[in-house]
Structure formats: structure tokens, C-alpha cells
Amino acid sequence: MLDVGLLRSEPERIAESLRRRGVDVDLDRLVALDEKIRKVRHEAEEVRATQKRLGKEIARLAGDEKQEAIARASELADRYKALNEEVERLEEEFREAWITLPNLVDPTAADGFTEEDNVEVKRVGEPPVFDFEFADHATLGERLDVIDTARAAKVSGTRFGYIKGQGALLEFGLVRWAMERLVGEGFTPMVPPVLVREMALFGTGFFPGDREQVYAIPQDDLYLVGTSEVSLAAYHADEILEPEALPIRYAGFSTCFRREAGTYGKDTTGIFRVHQFDKVEMFVFCQPDASRDEHERLLAIEESLVQALELPYRVVNVAAGDLGASAAKKYDIEAWFPSQGRYREITSCSNTTDFQSRRLKVRTRGEKGTHLVHTLNGTAVAVGRVLIAILENHQRPDGTVAVPAALRPYVGFDAFTP
RNA sequence: GGAGAGGUGGCCGAGUGGUCGAAGGCGCUCGCCUGCUAAGCGAGUAGGGGGUGAACAGCCUCCUCGAGGGUUCAAAUCCCUCCCUCUCCGCCA
């Protein structure tokens, strides 16, 4: 959610941001609506103030004088009620449009509207050159008996997978390893709820826009999170954080659930794109002037993890039009997938500035009053994607797959073997 | 799932229709005092919106006592619905 003050003072900044995203909104209508709301509200408040003053007199009066005053107050009460209803109607109309506006795009975010417009920031490592018949992750997963999508289809349908055997052990080692690294970077480990209320999804900006991507449990009015970003962000909702405590950094481990609506036919082999996967997510609350540095820091941490896993990758600055509603700027790390012959997303790191904190009311104290904090999120380890990137990049001619050296002490074996 | 208790400011806690955005305490901030510390004394200390301002200054004003609705001239206080927490029983990893 944007600051309404910005609509009054610099509507052209909002317009420019919307242009960069390729979103068309009638801002003039919102400006006019906002003015009208203030006018009517002011009128309502003046009536209310008069009524309240009269009410205080009533307490001291008696007899006819009192009856007469009550009659007048009653009239004022009716007028206030009518005006207030008008205000509420207008506010609802305004709010409905306002909450759909995405965050202001950062000036340094890449231009363009689609994935193709993402700007490569850097490329690290060399895609492996295989002098043997290499396999894709689905084939490797089956051969090594670490991924079973066939039975998952029987049990749960398409886009599900069993991770078994050495694959399951790798997950636990990977998660433990990543958590330890993050604790070393000042993060507090968390295992947050994966079922949340609507408020948490609204507050993080997934609602109303991405509603169709979220699994709902209507019986209990709960939703399954697509990322622990949701429950980590909402953790401090309605709180005023002590400035000395900032930045607050959390590393959340959770299962993530995504409906993947509208992706029929995309990434249908293996577990590249599934409805359920586990992830270690970084989430930061910080002072507004610190969020740019914090964003670069999160990216650096992500890179160090991917490097330790010995995966060739590139970093892209995501195009404005391809950003989620809450992000002002986003970096993706894309690992090389030999079977696809291209780089594909394995982490994503966003600076959401005050977009989420305004919705969630997460503030801190300053010299004069309170102000909103900034929030950021970034993937540390998306288990499924990392597993398959390891399988594909570290496969060997004898059919085994090497476990990255950094991970060996955590997973307990040096190679996947059939 | 059944029975009961309760949700008030950073925290504890009073307050059952008007003088309450809210006693008192703790904490915190700023002064004073005292060789230092501790103690003591004084003052201050919720959040958000609107109007008027160059102003994130002042002044005026509205809203918020878990959330939403209702009764009333007037609600923290009365009524309804919901949410949450706690205790006991049942069930359960």
C-alpha cells in the first residue's frame, strides 16, 4: 500500500511508477475522491464536535432545559450519522482502488515488462561440460530413487513429489547448513505457521492481487502460505519496534504451498514447479534508510550459499513490469540447469520498502513520533530447486551425483548412489 | 469437542452510562538534589486521521480501551456477533 500523502503531494511519482510497471490506473479519479472524502469528513467532524460539547452540558442541566438540549443533540446526532455514512462509503470506494496499487518502483530496478527484460547483473561459475550422456533431474531422481513423482501423482495429483532416501537426507542437511550460516549472519531461526489469516496475506501484498495462487481453507478461514515471508512479516504486525532492535533478521523454515494456477504445460517434468516445497527464507525489518544496503546484503548471502553449493548461476535485476505488487526492486538468482540449457530461478530477493509495513502497521520510534520500517525478503534455500540443481550439475558418468563439499558434513554422504 | 474466566496505554493494573483517552504503579525521558552509586524530589511520557500552517512547529478537531455492529443526546462501561488468551474435562502428535 502506498502513502496517501503521496497522492496529494506527488501524484506524478505514482503515475511514473505505474507506467514502468505497465499498469493503467485512473489516478485523477482517486485524487478527486480523496479531496471529497476530506471535505465531507471535515464537515462531519464539526457537527460531531458541536454535538459532543452539547452532550457535556446536558450532564449538568436538569428539567426543561435538559430536555430541550437533548432534542437539539439528537438532531446533531442524526446529521453526524448521515455524514459519517457518506464518509465511510467514499472511503470504501477509495480504499478498494488504493489497495490494488503496487509499490513504487525503485529507480534502479530494470526497465521492461516481462521476464525477457530482466537485466543480467553478473554471471558466476561455468556451466558444466559433460562428455557423457547427461540426464535431467527427473530421470536422475528416479534412477537414484530420491524423487518419486509417479506415486505422488497417484496420491496427490500432478505437481507433487516424494523426496526420499538420500534426497530426504539431503534436505535436512541442507536446511541445517543454511540455518547455521544464517545464524552466523545475525538471523534468528524460526519455524512459522503455514496456515495464516487473510490479514497476513493482505498485509504482505499477496491479497487482493494473487488470491488465485493461494490455497484456502474456507472452513476455518485460513490460508496456506506460499512462502514463510507471509508469516514472518505478519509476526510484528501492529507493533512498534524499538529502534535499537533494528535491523531484525529472521530465517524462517517452512513448507510453501502454491496453486500454480495458469501454469498448465509449464515445467511439467519432475519437481521443478510443484504445489508444495520446503524453503528457508530470510526476512528483515529495518530502518528506511538501511533497506537498500540490506537488499544488497541479502543478495550477497544468497550468492555465498549458491557458490558454496558449487552451482553456476547468474543474478538478474527483475524488470519493473515483472515485479510483484509489494516489491520496489527484486534480484533473482538463476542457477544453470543443464537439461534445460538455461538459467532458471532458484532464489528471489525483494526490497518491499514500506509497502508491507504500512499494511501491517509495523513501525519504529524516531526523534519525532513513529515511522514505518522497511521490510525485505530473500530466499536462502528453496529445497526442491536446489536439490534438482545439484542433481543436474553434479552428475557423474558412473551415474552417481557428487554432494557439494560444504554439505557433506551435514548430509552424511559424499555422493548420491543408485 | 464440553464447561468456565478474561482481553484497558511500553508493561502491570483501576475503572459498570456523562466531569475518562482513561486513577495508581512500574519502566522510560528531561531537570533538581546527593563525593560516586543507590535513594529522593519535580515535570513529561499511547497511536492514527482531518483542518489551518512553509513546517515532520503550534493551534482546532475527530477516531481508537481485542474486532465489528447495535441501544443512547452521551458507551471502556449496556446489548449482539466474531476473534484471541487462560483454567478444567475429553481427545490427540
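That block above? That's the structure.
Residues numbered from 1 in each chain as written. Chains lettered and ligands numbered in written order. Predicted model: local features only at pLDDT ≥ 70, side-chain atom pairs only at ≥ 80, totals over all residues. Heavy atoms only, no water.

Overview of the protein's contact with RNA strand B
In step 1: Not every one of the 21 residues close to RNA strand B is listed here, only the nearest: R8, E45, R48, K368 and T370.
In step 2: Residue R38 places a side-chain N or O atom 3.0 Å away from a phosphate oxygen belonging to RNA strand B.
In step 3: Contacts to RNA strand B include H42, whose side-chain N or O atom sits 3.4 Å from a sugar or linking oxygen.
In step 4: Elements with a contribution of two residues or more to the surface near RNA strand B: helix 3 (27-58) and helix 4 (63-98).
In step 5: In terms of residue count, the dominant contributor to the surface near RNA strand B is helix 3 (10 residues).
In step 6: Grouping the constituent residues of the surface near RNA strand B by class yields six nonpolar, five polar and 10 charged. (Near = heavy atom within 4 Å. Polar contact = N/O pair within 3.5 Å; in protein donor to acceptor, adjacent residues only side chain to side chain. Helix = DSSP H or I, 4+ residues; strand = E, 2+ residues; numbered from the N terminus. Nonpolar A, V, L, I, M, F, W, Y, C, P; charged D, E, K, R; others polar.)

Remarks on helix 2 (residues 11-21)
In step 1: Looking at helix 2, one finds that the buried residues are I14, S17, L18, R20 and R21. Along the long axis of helix 2, the arc covered by the buried residues comes to 160 degrees, so they all point the same way.
In step 2: Next to the buried residues of helix 2 lie helix 1 (4-9), helix 3 and helix 4. (Buried < 20%, exposed > 50% of the residue type's maximum accessible area, 1.4 Å probe, protein only. Arc of directions from axis to C-beta. Contact = heavy atoms within 4.5 Å.)

Focus on the sheet that holds strand 14 (residues 363-365)
Hydrogen bonds along the backbone pair up the strands of a sheet, which may run parallel or antiparallel.
In step 1: Ordered in space as 8-14-15, the three strands form an open sheet in which the pairing is mixed. In the strand order of this sheet, the two ends are held by strand 8 (240-241) and strand 15 (370-372), each with one partner. (Pairing = 2+ DSSP bridges.)

Some remarks on the nonpolar core
In step 1: In this structure, L170, L174, I390, L391, L407 and F416 are the most contacted members of the largest nonpolar core, which totals 55 residues.
In step 2: When residues no more than four places from it in sequence are discounted, the contact partners of L407 are L170, L174, W177, L309 and I390.
In step 3: Counting residues in each nonpolar core, the second largest holds 50 residues, with I14, A200, F207 and L360 among its members. (Core = buried A, V, L, I, M, F, W, Y, C linked by side-chain atoms within 4.5 Å.)

Remarks on the packing of aromatic side chains
In step 1: Summed over all chains, the structure comprises 10 aromatic pairs.
In step 2: Between the aromatic rings of F130 and F134, the centroid separation amounts to 5.0 Å while the plane-to-plane angle is 35 degrees, which identifies the pairing as tilted.
In step 3: One aromatic cluster is present, built from ring pairs that chain together Y235, Y250, F283 and F285.
In step 4: Note that R359 overlies the ring of F202, its terminal NZ or CZ placed 4.5 Å from the centroid. (Phe/Tyr/Trp six-rings, centres within 6.5 Å; stacked < 30°, edge-to-face > 60°. Lys NZ or Arg CZ within 6 Å of the ring centre and 35° of its normal.)

Some remarks on the packing of helix 3 against helix 4
In step 1: Packing of helix 3 against helix 4 brings their axes to within 8 Å, and their N-to-C directions diverge by 160 degrees. Accordingly, the angle class assigned to the pair helix 3 and helix 4 is roughly antiparallel. Our pair here, helix 3 against helix 4, has a crossing hand that is left-handed.
In step 2: Residue composition of the contact of helix 3 with helix 4, by class: 20 nonpolar, three polar and 12 charged. (Axes fitted to C-alpha atoms, helices over the stretch in contact; angles between N-to-C directions. Parallel < 35°, antiparallel > 145°, perpendicular 65-115°, else oblique. Left-handed = near helix turned anticlockwise from the far one by under 90°.)

Considering the layout of surface pockets
The gaps of empty space that remain are located by a probe, the size of a water molecule, rolled over the atoms.
In step 1: What the second largest pocket holds in volume is close to 400 Å³.
In step 2: The wall of the second largest pocket is formed by 18 residues, among which R13, N103, L104, V105 and D106 lie closest to the centre.
In step 3: A total of four residues in the lining of the second largest pocket trace back to one element, the largest contributor, which is helix 2.
In step 4: Of the residues assigned to the lining of the second largest pocket, the class counts are six nonpolar, four polar and eight charged. (1 Å grid on protein atoms, 1.4 Å probe; cavity = no way out; pocket = protein on both sides within 12 Å on 5 of 7 lines; lining within 4 Å. Points joined across faces, edges and corners; volume = space filled by probe spheres on them.)

Focus on the sheet that holds strand 11 (residues 313-317)
In step 1: Read across the sheet, eight strands follow the order 1-11-12-13-16-10-9-4 without closing on themselves; strand pairing throughout is mixed. For this open sheet the edge positions go to strand 1 (119-124) and strand 4 (188-190), each flanked by a neighbour on one side alone. Recorded for the sheet is a direction-independent mean angle of 25 degrees between the axes of neighbouring strands.
In step 2: Sheet topology note: the strand 9 (residues 248-257)/strand 10 (residues 276-286) ladder contains 10 bridges and is antiparallel.

What to know about the pattern of salt bridges
In step 1: Inspection of the entire model under this criterion finds 27 salt bridges.
In step 2: In this structure, E93 engages R29 in a salt bridge whose closest nitrogen and oxygen atoms are separated by 3.6 Å. With E93 in helix 4 and R29 in helix 3, the pair connects residues that are 64 residues apart, well separated along the chain.
In step 3: The partner of D106 in a salt bridge is R292, and the shortest N-O contact between them spans 2.9 Å. Pair noted here: D106 is in the loop between helix 4 and strand 1 and R292 is in helix 10 (residues 291-308), with a separation of 186 residues, a long-range link.
In step 4: One salt-bridge network, held together by shared partners, links E120, R123, R314 and E334. (Salt bridge = Lys/Arg side-chain N within 4 Å of Asp/Glu carboxyl O.)

Comments concerning unusual backbone geometry
In step 1: Cis rather than trans, the peptide bond between F207 and P208 has omega equal to 0 degrees.
In step 2: On the secondary structure map, P208 appears in the loop between helix 8 (198-203) and strand 6 (216-217).
In step 3: L246 connects to P247 through a cis peptide bond whose omega is -5 degrees.
In step 4: When you line up the elements, P247 lands in the loop between strand 8 and strand 9.
In step 5: Unlike most non-glycine residues, D267 shows phi in positive territory, near 45 degrees.
In step 6: Tracing the backbone shows D267 in the loop between strand 9 and strand 10.
In step 7: The class of D267 is buried, set by a relative accessible area of 18%.
In step 8: Unusually for a residue other than glycine, T353 sits at a positive phi of about 40 degrees.
In step 9: With respect to the element layout, T353 can be found in the loop between strand 13 (342-351) and helix 11 (355-360).

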